[in-house]
Amino acid sequence: TYYAPVIVAIDMIPDPINMADDKYIKASDFYRVEIINQLGEANDEKTLELQFEYYGDYKGGIYKLVDGKWLYIPSIIEEGFIKAKVKPSSFKDGPNIYCVLIDKEAKLLRDTRNHWARDEILAFQRRNIISGYSDNRFRPDKEITKGEFFTIISKVYNWQLPGDKKANIYKRVMDYALNNGIIEKPFK
């Protein structure tokens, strides 16, 4: 993964931010992971594995603190551990603070269990970019509308949508895309 010897430092730290967010339950200590790499180069085709002892259910996940918010890292639970693979380049920009959190609002999207994009769908769901339908299905092979597509894009890029928050979300994202030059003409 690295082209020369590296130093890995893992420090348990005090709570880095107020965990008053009712969405999460803290399920591990907080750890800062630092990789000192004199060359500054790494092979991102290989991954590093983070692993925590864990005996909970699917609602648990490994999270990284990014810009003051917890970002879900696709996690696998097996044999008393929760694991996540990360690219070596993700350690270049610090701080690299990780922990296991239980997302009280997590739900299983029943029709994604054996789907080829299951991990990506789950990551987008845990990051509040997608939500699925009210019947706990995602319908991963269904074509999406332009409004649904731009709604996803708006969440990925954190668009600050003007207007009444109660107004039709599809109309708001399409207006934003048109007014900001993302699309050239309104779609019907």
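All values reported here derive from a predicted model rather than from experimental measurement.

(A) Up close: the pattern of salt bridges. Inspection of every chain in the model, using the stated rule, returns seven salt bridges. Among the salt bridges present, the one from R118 reaches D119, with a minimum N-O distance of 3.1 Å. Across the pair D135 and R137 runs a salt bridge, and its minimum N-O distance is 3.8 Å. Look at D135 and you get partly exposed, because its relative accessible area is 30%. Given a relative accessible area of 33%, R137 falls into the partly exposed group. Taken together, the shared-partner salt bridges connect D135, R137 and R139 into one network.

(B) Representation of the layout of surface pockets. By volume, the largest pocket is sized at about 1200 Å³. Taken together, 43 residues line the largest pocket, and the ones lying closest to its centre are W70, L71, Y72, I73 and R127. Counting only elements with at least two residues in the lining of the largest pocket, the list comes to β5 (60–66), β6 (69–73), β7 (75–78), β8 (81–86), α1 (118–126) and α2 (146–156). Among the residues making up the lining of the largest pocket, the classes are represented as 19 nonpolar, eight polar and 16 charged. Approximately 610 Å³ is the volume found for the second largest pocket. I130, F138, I144, E148 and I152 are the residues nearest the centre of the second largest pocket, which is lined by 23 residues in total. Per element, the largest residue contribution to the lining of the second largest pocket is six residues, and it comes from α2. Split by residue class, the lining of the second largest pocket holds 14 nonpolar, four polar and five charged.

(C) Geometry of the sheet that holds strand β4 (residues 48–53). Ordered in space as β4-β8-β7, the three strands form an open sheet in which the pairing is antiparallel. Two strands lie at the open edges of the sheet, namely β4 and β7, each paired on one side alone. Averaged over all pairs of adjacent strands, the angle between their axes in this sheet comes to 25 degrees, without regard to strand direction.

(D) Inspection of the pairing of β6 at higher detail. Looking at chain direction, β5 and β6 are connected through five bridges and run antiparallel. The residue of β6 that forms the bridge with Y63 is Y72. Counted between consecutive antiparallel strands, the loop separating β5 from β6 contains two residues, among which D67 sits at a positive phi close to 50 degrees.

(E) Just a nonpolar patch on the surface, in detail. A cluster of nonpolar side chains, F124, V156 and Y157, forms an exposed patch at the surface whose accessible area comes to about 300 Å². Tracing the sequence through the fold places F124 in helix α1. Exposure remark for F124: the relative accessible area of 34% places this residue in the partly exposed category.

(F) Examining the confidence of the model for the protein more closely. In the predicted model, the protein carries a mean pLDDT of 86, and the fraction of residues at 70 or more is 95%. Ranking the helices and strands of the protein by mean pLDDT puts β8 first, with 94, and helix α3 (residues 169–179) last, with 87.

(G) Seen up close, the environment of I35. Here I35 shows up in strand β3 (residues 30–36). Among the residues examined, I35 registers a relative accessible area of 14% and is labelled buried. In this structure the C-alpha to C-alpha distance between I35 and K46, which are 11 residues apart in sequence, comes to 15 Å. The residues touching I35, leaving out its near neighbours within four places in the chain, are Y2, V6, I7, V8, L48 and F91.

(H) How the structure looks around the side chain of R126. Mapped onto the secondary structure, R126 falls in helix α1. As a buried residue without a salt bridge, R126 has its nearest oppositely charged side chain in D103, at a separation of 4.2 Å. Engagement of the side chain of R126 in a polar contact is seen with the backbone oxygen of Y58, the distance being 2.4 Å. Among all residues touching R126, those that are not within four sequence positions of it are K23, Y58, K59, G60, G61, Y63, Y72, D103 and A106.

Here is what the cut-offs are and how they apply
- Residues numbered from 1 in each chain as written.
- Predicted model: local features only at pLDDT ≥ 70, side-chain atom pairs only at ≥ 80, totals over all residues.
- Heavy atoms only, no water.
- Salt bridge = Lys/Arg side-chain N within 4 Å of Asp/Glu carboxyl O.
- Buried < 20%, exposed > 50% of the residue type's maximum accessible area, 1.4 Å probe, protein only.
- 1 Å grid on protein atoms, 1.4 Å probe; cavity = no way out; pocket = protein on both sides within 12 Å on 5 of 7 lines; lining within 4 Å.
- Points joined across faces, edges and corners; volume = space filled by probe spheres on them.
- Helix = DSSP H or I, 4+ residues; strand = E, 2+ residues; numbered from the N terminus.
- Nonpolar A, V, L, I, M, F, W, Y, C, P; charged D, E, K, R; others polar.
- Pairing = 2+ DSSP bridges.
- Axes fitted to C-alpha atoms, helices over the stretch in contact; angles between N-to-C directions.
- Patch = residues over 30% accessible without salt bridge, like charges linked within 9 Å, V, L, I, M, F, W, Y side chains within 5 Å.
- Areas by Shrake-Rupley, 256 points an atom, 1.4 Å probe, with all protein chains shown as cover.
- pLDDT = per-residue confidence, 0-100.
- Contact = heavy atoms within 4.5 Å.
- Lys, Arg positive; Asp, Glu negative; His and termini not counted.
- Polar contact = N/O pair within 3.5 Å; in protein donor to acceptor, adjacent residues only side chain to side chain.

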